[in-house]
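Single-letter residue listing:
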Amino acid sequence: MSKEFKALRPHGQDPIFFQNKDEAMEWTYTANDGSIPSFPLDFEDNPYSDECMNAKNLFEIGMGVGRNAIGIHKNTNIHYHGLEPNESMGKWFWDWNDKKYEERTSLYTNWDEIEKGTKFDVMLSTFVLQHITYINPNAWNVSDIVNKMKEYAHEDTTWILYEHDGEYGGWIDKMFNECGITPEVYQRGYTGIEDHTHRDNSVGNRQGHHLIIWRGV
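Residues numbered from 1 in each chain as written. Predicted model: local features only at pLDDT ≥ 70, side-chain atom pairs only at ≥ 80, totals over all residues. Heavy atoms only, no water.

K.L.:
Got a sec to walk through the sheet that holds strand E6 (residues 185–187)? Specific residues and values, please.
P.N.:
Within the open sheet, the 7 strands sit side by side as E3-E2-E1-E4-E5-E7-E6. Their pairing is mixed. Looking at which strands have only one partner, the edges of the open sheet turn out to be strand E3 (105–108) and E6. Pairwise comparison of adjacent strand axes, ignoring direction, gives a mean angle of 15° for this sheet. Relative to E3, strand E2 (residues 79–83) runs parallel, the two being bridged by 4 bridges. Bridge pairing links tyrosine 80 to threonine 105 in E3. (Pairing = 2+ DSSP bridges. Helix = DSSP H or I, 4+ residues; strand = E, 2+ residues; numbered from the N terminus. Axes fitted to C-alpha atoms, helices over the stretch in contact; angles between N-to-C directions.)

K.L.:
With reference to specific residues and values, describe the state of the cysteines.
P.N.:
Across all of its chains, the model carries 0 disulfides by this definition. Left unpaired, cysteine 52 is separated from the closest cysteine sulfur, that of cysteine 179, by 20 Å. Look at cysteine 52 and you get buried, because its relative accessible area is 0%. (Disulfide = S-S within 2.5 Å. Buried < 20%, exposed > 50% of the residue type's maximum accessible area, 1.4 Å probe, protein only.)

K.L.:
Give me the lowdown on the confidence of the model for the chain, citing residues and values where you can.
P.N.:
Overall, the predicted model of the chain reaches an average pLDDT of 90, with 90% of residues at or above 70. Taken as a whole, residues 1–5 scores under 50 in pLDDT and shows 4 contacts with residues more than four places along the chain or in a different chain. (pLDDT = per-residue confidence, 0-100. Contact = heavy atoms within 4.5 Å.)

K.L.:
Can you tell me about the environment of asparagine 97, naming the residues and giving the values?
P.N.:
Along the chain, the position of asparagine 97 falls in the loop between helix H5 (93–96) and E3. Beyond its immediate stretch of four places on either side in the chain, asparagine 97 contacts Val65, Gly66, Ala69, Ile70 and His73. A polar atom in the side chain of asparagine 97 sits 3.5 Å from the side chain of histidine 73. (Polar contact = N/O pair within 3.5 Å; in protein donor to acceptor, adjacent residues only side chain to side chain.)

K.L.:
Could you give an account of the packing of aromatic side chains, naming the residues involved and the relevant values?
P.N.:
Under the definition given, this model contains 15 aromatic pairs. Where tyrosine 162 meets tyrosine 190, the ring centres are 6.5 Å apart and the plane angle is 85°; that geometry is what we call edge-to-face. Placement of the pair is tyrosine 162 in strand E5 (residues 158–163) and tyrosine 190 in the loop between E6 and strand E7 (210–215), with a sequence separation of 28 residues. A residue is classified by how much of its surface remains accessible, and tyrosine 162, at 0% relative accessible area, is buried. Tyrosine 190 gets classed as buried once you look at its relative accessible area, which sits at 3%. Ring centres of phenylalanine 176 and tyrosine 186 lie 5.3 Å apart, and the angle between their planes is 90°; this geometry places the pair in the edge-to-face category. Note that phenylalanine 176 is positioned in helix H7 (residues 171–179) and tyrosine 186 in strand E6, a separation of 10 residues in sequence. (Phe/Tyr/Trp six-rings, centres within 6.5 Å; stacked < 30°, edge-to-face > 60°.)

K.L.:
I'd love a proper account of a negative patch on the surface, names of residues and values included.
P.N.:
Residues Asp42, Asp50, Glu51, Glu155 and Asp156 make up a contiguous surface patch of negative charge. Turning to its location among the elements, aspartate 50 is positioned in helix H2 (residues 49–53). (Patch = residues over 30% accessible without salt bridge, like charges linked within 9 Å, V, L, I, M, F, W, Y side chains within 5 Å. Areas by Shrake-Rupley, 256 points an atom, 1.4 Å probe, with all protein chains shown as cover. Salt bridge = Lys/Arg side-chain N within 4 Å of Asp/Glu carboxyl O. Lys, Arg positive; Asp, Glu negative; His and termini not counted. Charge placed at Lys NZ, Arg CZ, Asp CG, Glu CD.)

K.L.:
Before we move on, could you go through the nonpolar core and cite the residues and values that matter?
P.N.:
In this structure, Phe59, Trp111, Leu129 and Met175 are the most contacted members of the largest nonpolar core, which totals 28 residues. The set of elements that each furnish at least two residues to this core consists of strand E1 (57–61), helix H6 (142–150), E5, H7 and E7. For this core, the element with the most residues is H7, which contributes 5 residues. Counting 24 residues, the second-largest nonpolar core is a separate cluster that includes Tyr80, Tyr190, Ile193 and Leu211. (Core = buried A, V, L, I, M, F, W, Y, C linked by side-chain atoms within 4.5 Å.)

K.L.:
Provide a residue-level description of the pattern of salt bridges, including the pertinent values.
P.N.:
Throughout the structure, instances matching the rule amount to 5 salt bridges. For aspartate 22, the salt bridge goes to lysine 21, with nearest N and O atoms at 3.7 Å. Residue lysine 21 is classed as partly exposed on the basis of its relative accessible area of 27%. For glutamate 151, the salt bridge identified is with lysine 148, shortest N-O distance 3.2 Å.

K.L.:
Talk me through the side chain of histidine 196; I want residue IDs and the actual numbers.
P.N.:
Along the chain, histidine 196 turns up in the loop between E6 and E7. Judged by its relative accessible area of 0%, histidine 196 falls in the buried class. Reaching out from histidine 196, the side chain makes a polar contact with the side chain of arginine 67 at a distance of 3.2 Å.

As structure tokens, this is what we get:
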């Protein structure tokens, strides 16, 4: 089946529909103390921290209720673009984010809503691709998604992925091969961002999450 006849699934491979903002947030990343920390763009092991912090446009795949947008809005002047195919999750974005940032926010439920010719300076995925992998032949797999994101990248686009492969081993290497990716940073079991390690013991094989960074199309 060609990817033109596939679709983005609402929640990885297991569609889940949420009745309220708190229920939706329960399915995003939550630290042990109950906080919902945003993934930072500026950290020691990101060789492109300065470029990310000063970027004009950032795209996040699988934005959920906008956990990462909270920190991006607060700490940068970036225009945030988020795609969330699960409308029962994305609908709560402005319940968790401050509407004063509305002018520099664009939200999508599918690719065709993104304006043609748009190019993003930063591509971000945290705890998203790990639930999609390659297990459903009738849905977009991670190679489909990354290759589609490439259409909105330029030669200096910085890609940041923070994912695990404990449930579906081998998908990261398969993505590298199928998408022609040679990461500049690939740290398995990365612990450099402390509040993003709190769920590592629940990951298959207790291997933690892996930091992946590269630049380009």
